[in-house]
Amino acid sequence: MALADMEHAASGCGDSGSPFSEIIELNVGGQVYVTRHKTLIAVPDSLLWNMFSKKSPKELARDSKGRFFLDRDGFLFRYILDYLRDLNLVLPDYFPEKSRLQREADFFLLRDLAKRLNPRVSKDNSISEEISQSDTEDGAQCCSSGEPLRALSASGAMRSPSLDTRKSGYITIGYRGSYTIGRDIQTDAKFRRVARITVCGKTSLAKEVFGDTLNESRDPDRPPERYTSRYYLKYNFLEQAFDKLTEAGFHMVACSSTGTCAYTSNDPNEDKIWTSYTEYVFCRE
């Protein structure tokens with residue numbers, strides 16, 4: 001039996017006359033989503049509307065398990081799907097990927113969503129996030145003569161409002177590595193590549209600092225004011241993580257490291273393998 005026929009038998013037909021089943025499985029960039037057919041066609045003339053109302057199931061790409069495949073950002077598609085459900089969207093605090101989400105909205109031909117995500121759109125038309133902090137403060141801090149008030153530092157230079165409003169807090173960077181040492185004829189230790197850099201701290205701070213380089217797949221729906229120890233970075237260079245923390249105004253306040261001998265032998269010609277775990281604590285006051 002053809003795959004489309006199997007879908008009809010399992011889930012029933014969608015809208016009257018539609019060749020698609022009522023429940024549709026999608027593979028978006030490796031992330032699996034299950035939704036209703038009517039959700040995907042909620043916005044006329046959008047890309048998904050054209051795919052699932054103007055085309056047949058056989059015309060659309062599928063993965064190895066028969067799910068409809070879209071080669072787009074699987075993480076950001078959750079917000080696209082949320083918007084299609086009720087044409088409204090609430091983004092989390094400190095959402096660093098707003099411009100990328102706008103790009104996804106443009107790709108899916110969701111013009112109203114893309115327009116509201118544009119940072120130049122007025123606050124009344126925005127979906128969930130305010131206009132940039134500097135814009136709102138410049139508009140609010142006006143004296144009676146119409147001239148904007150300016151916050152000056154001791155040197156007389158204007159201070160950035162965004163720096164004044166950043167939240168304080170701690171972020172802990174950890175990594176686990178291994179190295180070999182101890183052979184009698186060996187003078188230097190051989191270090192292995194860092195496998196994974198973990199990020200612990202408040203979710204909003206982690207997203208603010210690391211943005212799209214933060215892998216949230218193990219803890220995807222953590223509220224912004226909650227703490228997590230399950231995030232990790234998509235790269236393996238500690239210096240890159242330190243640079244991002246420094247750019248965000250953090251500085252290192254503590255460091256701790258432990259080492260354990262994981263393998264040893266009485267043979268002086270064999271290496272002793274050690275494992276280590278190191279944590280760096282950064283603070284922004």
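No experiment lies behind these values; they were computed from the predicted model shown. (Residues numbered from 1 in each chain as written. Predicted model: local features only at pLDDT ≥ 70, side-chain atom pairs only at ≥ 80, totals over all residues. Heavy atoms only, no water.)

> Help me understand helix H10 (residues 238-247) in this model?
For the α-helix, the turn length of 3.6 residues means that residues three or four positions removed from each other point alike. Within H10, burial applies to Leu-238, Ala-241 and Leu-245. Buried residues in H10, looked at end-on, bunch into an arc of 65°, giving them a common side. Away from the buried face of H10 by more than 90 degrees, exposed residues Glu-239, Thr-246 and Glu-247 are located. (Buried < 20%, exposed > 50% of the residue type's maximum accessible area, 1.4 Å probe, protein only. Helix = DSSP H or I, 4+ residues; strand = E, 2+ residues; numbered from the N terminus. Arc of directions from axis to C-beta.)

> When you look at helix H5 (residues 98-107) in this model, what are you seeing that I'm missing?
Within the span of H5, buried status applies to Lys-98, Leu-101, Gln-102, Glu-104 and Ala-105. Buried residues of H5 fall within an arc of 160° about the axis and therefore sit on the same side. Where the residues of H5 are buried, they touch helix H4 (77-86) and helix H6 (111-117). At the exit of H5 stands Leu-109, carrying a positive phi of roughly 60°. (Contact = heavy atoms within 4.5 Å.)

> Help me understand a nonpolar patch on the surface in this model?
Residues Ile-23, Val-32 and Val-34 make up a contiguous nonpolar surface patch of roughly 230 Å² in combined accessible area. On the basis of relative accessible area, Val-32 is assigned to the partly exposed category, the value being 43%. (Patch = residues over 30% accessible without salt bridge, like charges linked within 9 Å, V, L, I, M, F, W, Y side chains within 5 Å. Areas by Shrake-Rupley, 256 points an atom, 1.4 Å probe, with all protein chains shown as cover. Salt bridge = Lys/Arg side-chain N within 4 Å of Asp/Glu carboxyl O.)

> It is not clear to me how unusual backbone geometry should be interpreted in this structure. Could you clarify?
Note: most residues except glycine have negative phi, and most peptide bonds are trans. Even without a glycine there, the phi angle at Asp-45 is positive, about 70°. Residue classification places Asp-45 among the partly exposed positions, given a relative accessible area of 48%. A positive phi is found at Leu-109, a non-glycine position, where the angle reads about 60°. Looking at where Leu-109 falls in the secondary structure, it is placed in the loop between H5 and H6.

> What am I meant to see in the pattern of salt bridges here?
Side chains that carry opposite charge are capable of pairing whenever their charged atoms lie near each other. This model, assessed by the stated rule, comprises 12 salt bridges. The residue Arg-100 makes a salt bridge to Asp-212 at a minimum N-O spacing of 3.0 Å. Taken as a pair, Arg-100 in helix H5 and Asp-212 in the loop between helix H9 (203-210) and strand E7 (214-215) lie far apart in primary sequence, 112 residues in all. A relative accessible area of 23% places Arg-100 in the partly exposed class. Each of Asp-73, Glu-97, Arg-100 and Asp-212 takes part in salt bridges that share partners, so that together they form one network.

> Would you mind showing me how to read the side chain of Lys-202 here?
Among the structural elements, Lys-202 can be located in strand E6 (residues 197-202). On the basis of relative accessibility, which here comes to 19%, the residue Lys-202 falls in the buried class. A polar side-chain atom of Lys-202 sits 3.5 Å from a polar atom in the side chain of Glu-225. Setting aside chain neighbours within four positions, we find Lys-202 in contact with Tyr-170, Pro-224, Glu-225, Arg-226 and Tyr-227. (Polar contact = N/O pair within 3.5 Å; in protein donor to acceptor, adjacent residues only side chain to side chain.)

> Can you help me understand the nonpolar core in this one?
Looking at soluble globular proteins, one finds that nonpolar side chains tend to be buried together. Grouped together as the largest cluster of nonpolar side chains are 33 residues, with contacts concentrated most on Leu-26, Leu-48, Phe-52, Phe-77 and Leu-101. Listed by contribution, the elements that provide at least two residues to this core are strand E1 (23-28), helix H3 (47-53), strand E3 (68-70), H4, H5 and H6. A total of six residues in this core trace back to one element, the largest contributor, which is H4. Residue contacts for Leu-101: discarding those within four places in its chain leaves Leu-76, Tyr-79, Ile-80, Leu-89, Leu-91, Phe-95 and Leu-117. Membership of the second largest hydrophobic core comes to 20 residues, among which are Val-199, Tyr-235, Leu-245 and Phe-282. (Core = buried A, V, L, I, M, F, W, Y, C linked by side-chain atoms within 4.5 Å.)

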